[in-house]
Amino acid sequence: MSEDEWLRLLRAIADGDQSALHSLYEQTYRIVFTLIVRINMNRETAEEVTLDVFYDVWRKASTYDPANGSVVGWIMNQARSRAIDRLRFDQRKKRVNTYPQSLRPTTDIVDPQQTCLFEEQSRMLRNALQVLTPEERNAIETAFFSEYTYEETAMKLNQPLGTVKTRIRSGMAKLREALGRKLIR
């Protein structure tokens, strides 16, 4: 296609012509996809990013300026930028541990006051848990650590729903009272 034909196609997209977008997609998706795969080295990611690129073309078609390069060059620039952004995002996600393996203090905590506070809070919680009956503790642990609803907890423990609700509520009230007394001192 000549540059004038590409430009007419892009202007039709800017005017909301979905068939023009489809035509542009059919003619350019292979080179866009190939570029993104080469940058990200992941087929599934490339498929997602390719769709994002063409969605951007749909949204930004009216902003295209022929003085800044060809239509295909403009699309490829968007593809390159999107692919690099996604690559950086994925690399950042791998580096950041959002779910620490342990809530215990590590050698990374250098502030003795923080360590002392953490240990005091841990001791208070362990002591507060002793006020619970084994049934209350089991119901609370099953519900909260497994993130179950009352109904799921009842099914898991093979107990009536009302019993499970009562045990969780009474156990939580005991914990609030035990922890409240300790925090007031």
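Residues numbered from 1 in each chain as written. Predicted model: local features only at pLDDT ≥ 70, side-chain atom pairs only at ≥ 80, totals over all residues. Heavy atoms only, no water.

*Asks:* Please explain the nonpolar core as it appears in this structure.
*Replies:* Among soluble globular proteins, nonpolar side chains are generally buried collectively. By size, the foremost hydrophobic cluster in this structure holds 23 residues, and its most contacted members are Leu10, Ile13, Leu24, Ile36, Val57 and Ile75. Among the elements of the structure, helix 1 (3-14), helix 2 (18-40), helix 3 (43-60) and helix 4 (71-95) are those that each provide at least two residues to this core. Ranked by residue count, the leading element in this core is helix 2, at six residues. If we skip the residues at most four places from it in the chain, Val57 touches Leu10, Ile13, Leu21, Leu24, Trp74, Ile75 and Gln78. Of all hydrophobic cores here, the second largest spans eleven residues; its members include Ala143, Leu157, Leu175 and Ala178. (Core = buried A, V, L, I, M, F, W, Y, C linked by side-chain atoms within 4.5 Å. Buried < 20%, exposed > 50% of the residue type's maximum accessible area, 1.4 Å probe, protein only. Helix = DSSP H or I, 4+ residues; strand = E, 2+ residues; numbered from the N terminus. Contact = heavy atoms within 4.5 Å.)

*Asks:* Got a minute to help me understand a positive patch on the surface in this structure?
*Replies:* A surface patch of positive charge is lined by Arg80, Arg88, Arg92 and Arg95. Structurally, Arg92 is set in helix 4. Relative accessible area serves as the criterion here: at 44%, Arg92 is assigned to the partly exposed category. (Patch = residues over 30% accessible without salt bridge, like charges linked within 9 Å, V, L, I, M, F, W, Y side chains within 5 Å. Areas by Shrake-Rupley, 256 points an atom, 1.4 Å probe, with all protein chains shown as cover. Salt bridge = Lys/Arg side-chain N within 4 Å of Asp/Glu carboxyl O. Lys, Arg positive; Asp, Glu negative; His and termini not counted. Charge placed at Lys NZ, Arg CZ, Asp CG, Glu CD.)

*Asks:* Looking at this structure, how should I read the packing of helix 6 (residues 134-145) against helix 7 (residues 150-157)?
*Replies:* A pair of packed helices is captured by two measures, namely the crossing angle of their axes and the spacing between those axes. Interhelical geometry of helix 6 versus helix 7 gives an angle of 120° and a closest axis separation of 9 Å. Classified by the interaxial angle, the pair formed by helix 6 and helix 7 is oblique. Seen along the crossing, helix 6 lies across helix 7 with a hand that is right-handed. On helix 7, the residues that touch Asn138, Ala139, Thr142 and Ala143 of helix 6 are Thr153, Lys156 and Leu157. For the contact of helix 6 with helix 7, the class distribution of residues is three nonpolar, three polar and one charged. (Axes fitted to C-alpha atoms, helices over the stretch in contact; angles between N-to-C directions. Parallel < 35°, antiparallel > 145°, perpendicular 65-115°, else oblique. Left-handed = near helix turned anticlockwise from the far one by under 90°. Nonpolar A, V, L, I, M, F, W, Y, C, P; charged D, E, K, R; others polar.)

*Asks:* Sorry, what's going on with the packing of helix 2 against helix 4 here?
*Replies:* The interhelical angle for the contact between helix 2 and helix 4, taken along N-to-C directions, is 35°, at an axis separation of 9 Å. Two packed elements cross with a definite hand, and for helix 2 against helix 4 that hand is right-handed. Side by side, helix 2 and helix 4 meet where Leu24, Ile31, Val32, Leu35, Ile36, Ile39 and Asn40 of the first sit next to Val72, Ile75, Met76, Ala79, Arg80, Ala83, Ile84, Arg86 and Leu87 of the second. Across the contact of helix 2 with helix 4, the residue classes break down as 13 nonpolar, one polar and two charged.

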